[in-house]
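Structural overview
So you can see what is in the structure, the chains are spelled out below.
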Amino acid sequence: MAQGMKRLGMPIAAFLGLALIGLIGTSWFLNRDALRQAVEAQIRAVTGLDLVITGAIDVSVFPGSYVSFHDVGLKGGGTVDPALQVDVLTANLRLLPLLLRRFEIADVMMLRPHIRVVRDGNGESNWTPFVETIARAMKPGAENQVSFSEIRIQDGVLNYEDPTNNVSETLGDIDLSLAWPSISRSFAVTGQFDWRGERVDGSVSASDFVAALSGDRSGLKARLASAPLKLAFDGTVANRTSMMMEGTVTIDSLSLRNALRWMGQATPGGGFGRFALKARANVVGASVALTNGNVAEGVMTFANNGRQTLQATLAAGALDFTPYISTFRLLASGARDWNRQLFDLTSLSTTDLDMRLSAAKVTVGPTKLGRTAFGANLRAGALALSIGEAQMYGGIAKGSFGIARSDTVADVKAQFQFTDVDLQACASELFGINKLSGRGNLSVSLVASGTSPFGLASSLDGTATLTGRDGAIAGFNVEQLLKRLERRPLSGGGNFRSGSTPYDTLNVAVKFNDGIATAEDVRLEGPATRLTLTGTASVPTREYDLKGVASLTSAPNAPPGFDLPFVVQGPWDDPLVFPDPESLIRRSPASAPLLDAVKDRKTRDTVRSVIERFTGGGVRQAAPANGPAAAETAKPD
């Protein structure tokens, strides 16, 4: 056995030695010009592209069989900023055909290629002629009978420029593998690249590469994965007159805010957190339409024809806008003063928006809305919100809200109608007033202009009307107070700030002018009391300065019995309510004559002398040392 193995090994070793000598000899006697021309011809036959080689050429047969071209460009690409410039293009050769003096490329590797794509106003680019050439070379029936299976790109850079739309992007550190179609018609690209500071892992495959190059319909699958965003598409693509794509798109992001910022889109204050979308996509040119989403049903279209435009008609089960308003605060941290922080209105000028939304539930901070239909329109920095109908505060709300930007100033207009709402919830959330209950209707029409919430409050103009029924005003019981003061006007203040005053009807009409609210008509009718109010309330300082009259009534239309003027002063959330003291003195049988008496000087002197006689008082003579000024000061008052 050992002798047999030795006899068998000797011929094998001799064959390998002869092959090695043959390879070395082949590398010595190889016609390098013929090899170079054969490689160029095969690349031209497979891709249809002519290479321009201005650098050195390296040829190796053993241990590796390849030919490397330095400083390679595309013929017709120009000498200044060519479409493609490669530092080193290496064509790896198949070994067995090489021994038979046939030069066949196994694969191609491009080291440090610089790819430049420039798009013109007609939608074509400097690569359009090359793409057409590749499509012609790969059509069925073409003369090329050879092909290689792979083109690799290492450490490449791609520059994309679109002067018409003012777009310039750069992809760096590109490492890609292009599975060039040889037997099948499919084409695939896999690899990684850097874009805007993030590493992106991606893959793209076309089921019919020739059709895709020619602009005909072809199946397309694409996947991009990065830290800010993951995107996948499965559908078809065509490019006859403009780019058209149709299929299923899936988008997932841990932070939509970070993803939008990564893509160069400005976002307003809050929200834009975790985001997931799976929908049917239809792309025509620069417009993207999404239908049948996984959370909301409807259509969403995005266009970028010089200006970004988003259009949507969506229906959802629940919408929560709380994160998007979390950074917008009307009141300062003390919750008593308006916020003076300046508005950031830059987000109003970045995108045009036209949306129609409906939802079974809507949450905006502490406000809970039922079935709601509303629209939003943002154009040229002006935002308009319209509520067709919303189930709110136990009733129905309709209205509109608009913001127009003028440099750093926000011009605000609001018109709302609340029908049959819970007044306690409505007044508390809208105006910070938590002492009113009942049900009623509220109509508001306001305009304001300012750079902060405090500025808006200081310039507020408009009107507000309220009609309420079957409710109460908390903080004092008018009926009990009037009955006690009717019997004993000077019995002491007691506790005026407890209990509540029920009412059957409540009517309020207020006019706003430069932040001052004037009570034009404020009337309350209760089972046994009647209230009227006049005066003003300051919106910037959030304080009352009101006067009113409270009356006891025995019947709804009966004349008032006991009347008591009162005053309401102090902050909105905790005002002071107290009776007019002069009125109480006048209603006391013992004190009223004294009040009249002290108003007359002669009577006042007589009363004073009587008091001095009873108390033993009198005018004390001042010491001479004090002088006349001191004596004058010592006179009785």
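Placed above this text is the structure.
These notes cover the structure that comes with them.

1. Here we look at the nonpolar core
Residues Val 39, Leu 89, Trp 127 and Trp 180 are the most contacted members of the largest nonpolar core, which totals 51 residues. Core analysis: the second largest hydrophobic core is formed by 49 residues, Ala 390, Leu 446, Phe 476 and Val 510 among them.

2. Section: the side chain of Gln 42
With respect to the helices, strands and loops of the structure, Gln 42 is situated in helix α2 (residues 32–47). There is a polar contact of 3.1 Å between the side chain of Gln 42 and the backbone nitrogen of Ile 105.

3. A short note on the pattern of salt bridges
If you walk through the whole model with that rule in mind, you get 15 salt bridges. Among the salt bridges present, the one from Arg 196 reaches Glu 169, with a minimum N-O distance of 2.4 Å. Of the two residues, Arg 196 sits in the loop between β8 (187–195) and β9 (198–206) while Glu 169 sits in strand β7 (residues 167–179), which places them 27 residues apart along the sequence. Note on Arg 196: relative accessible area 38%, which makes it partly exposed. Between Arg 223 and Asp 201 there is a salt bridge; the shortest N-O distance is 3.0 Å. Of this pair, Arg 223 sits in strand β10 (residues 218–225) while Asp 201 sits in strand β9, placing them 22 residues apart in sequence. By relative accessible area, which is 36% here, Arg 223 ends up partly exposed. Shared partners join several salt bridges into a network, and the residues in it are Asp 173, Asp 175, Asp 194 and Arg 199.

4. Some thoughts on the pairing of strand β5 (residues 105–118)
Within β5, 10 of the 14 residues are buried, which leaves the element mostly enclosed by the surrounding structure. Judged from the 9 bridges that link them, strand β4 (residues 84–93) and β5 form a sheet pairing that is antiparallel. Within β5, the position partnered with Asn 92 by the bridge is Asp 107.

5. Some thoughts on the side chain of Ser 226
Mapped onto the elements, Ser 226 comes out in the loop between β10 and β11 (230–239). Residue Ser 226 is classed as buried on the basis of its relative accessible area of 12%. Apart from the residues lying within four places of it in its own chain, the contact partners of Ser 226 are Arg 199, Val 200 and Trp 262.

6. Describing the packing of aromatic side chains
Enumeration according to the criterion identifies 5 aromatic pairs in this entry. Look at Tyr 393 and Phe 418: their rings are 6.2 Å apart centre to centre, the planes differ by 45°, and that puts the pair in the tilted class. Highlighted residues: Tyr 393 in the loop between β19 (382–392) and β20 (395–406) and Phe 418 in strand β21 (residues 409–422), separated in sequence by 25 residues. In this structure Phe 418 comes out as buried when scored by relative accessible area, which is 6%. In this structure an aromatic cluster arises from ring pairing among Tyr 393, Phe 416 and Phe 418. Positioned above the aromatic ring of Phe 454, the side-chain terminus of Arg 340 is 3.7 Å from the ring centre. Here the basic side chain of Arg 542 rests over the ring of Trp 338, its NZ or CZ set 5.3 Å away from the ring centre.

7. Brief notes about the environment of Gly 462
Relative to the helices and strands, Gly 462 resides in strand β23 (residues 461–474). Note: C-alpha distance between Gly 462 and Gly 515 (53 residues apart in sequence) is 9.5 Å. The residues contacting Gly 462, other than those within four sequence positions of it, are Ser 445, Leu 446, Val 510, Lys 511 and Phe 512.

8. Things to note about helix α8 (residues 423–431)
When we look at burial in α8, the residues that qualify are Leu 423, Cys 426 and Ala 427. The arc that holds every buried residue of α8, seen down its axis, measures 90°, which confines them to one face. Buried residues belonging to α8 abut β21, β22 (436–450), β23 and β24 (500–513).

9. Some points on the pairing of strand β17 (residues 352–364)
Bridge count for strand β16 (residues 308–320) against β17 is 11 bridges, and the pairing is parallel. When the sheet's bridge partners are listed, Thr 313 is paired in β17 with Arg 356. Judged from the 10 bridges that link them, β17 and strand β18 (residues 367–379) form a sheet pairing that is antiparallel. Bridged to Leu 353 within β18 is Leu 378. Here β17 hands over to β18 after 2 residues, with Gly 365 in that stretch at a positive phi of 60°.

10. Quick word on unusual backbone geometry
Located in the positive-phi region is Arg 112, a residue other than glycine, with phi close to 55°. Examined against the element boundaries, Arg 112 turns out to sit in strand β5. For Arg 112, a relative accessible area of 34% translates into the label partly exposed. Its identity as a non-glycine residue notwithstanding, Asp 420 has a phi of 50°, on the positive side. Along the polypeptide, Asp 420 turns up in strand β21.

About the criteria used
Residues numbered from 1 in each chain as written. Predicted model: local features only at pLDDT ≥ 70, side-chain atom pairs only at ≥ 80, totals over all residues. Heavy atoms only, no water. Core = buried A, V, L, I, M, F, W, Y, C linked by side-chain atoms within 4.5 Å. Buried < 20%, exposed > 50% of the residue type's maximum accessible area, 1.4 Å probe, protein only. Helix = DSSP H or I, 4+ residues; strand = E, 2+ residues; numbered from the N terminus. Polar contact = N/O pair within 3.5 Å; in protein donor to acceptor, adjacent residues only side chain to side chain. Salt bridge = Lys/Arg side-chain N within 4 Å of Asp/Glu carboxyl O. Pairing = 2+ DSSP bridges. Contact = heavy atoms within 4.5 Å. Phe/Tyr/Trp six-rings, centres within 6.5 Å; stacked < 30°, edge-to-face > 60°. Lys NZ or Arg CZ within 6 Å of the ring centre and 35° of its normal. Arc of directions from axis to C-beta.

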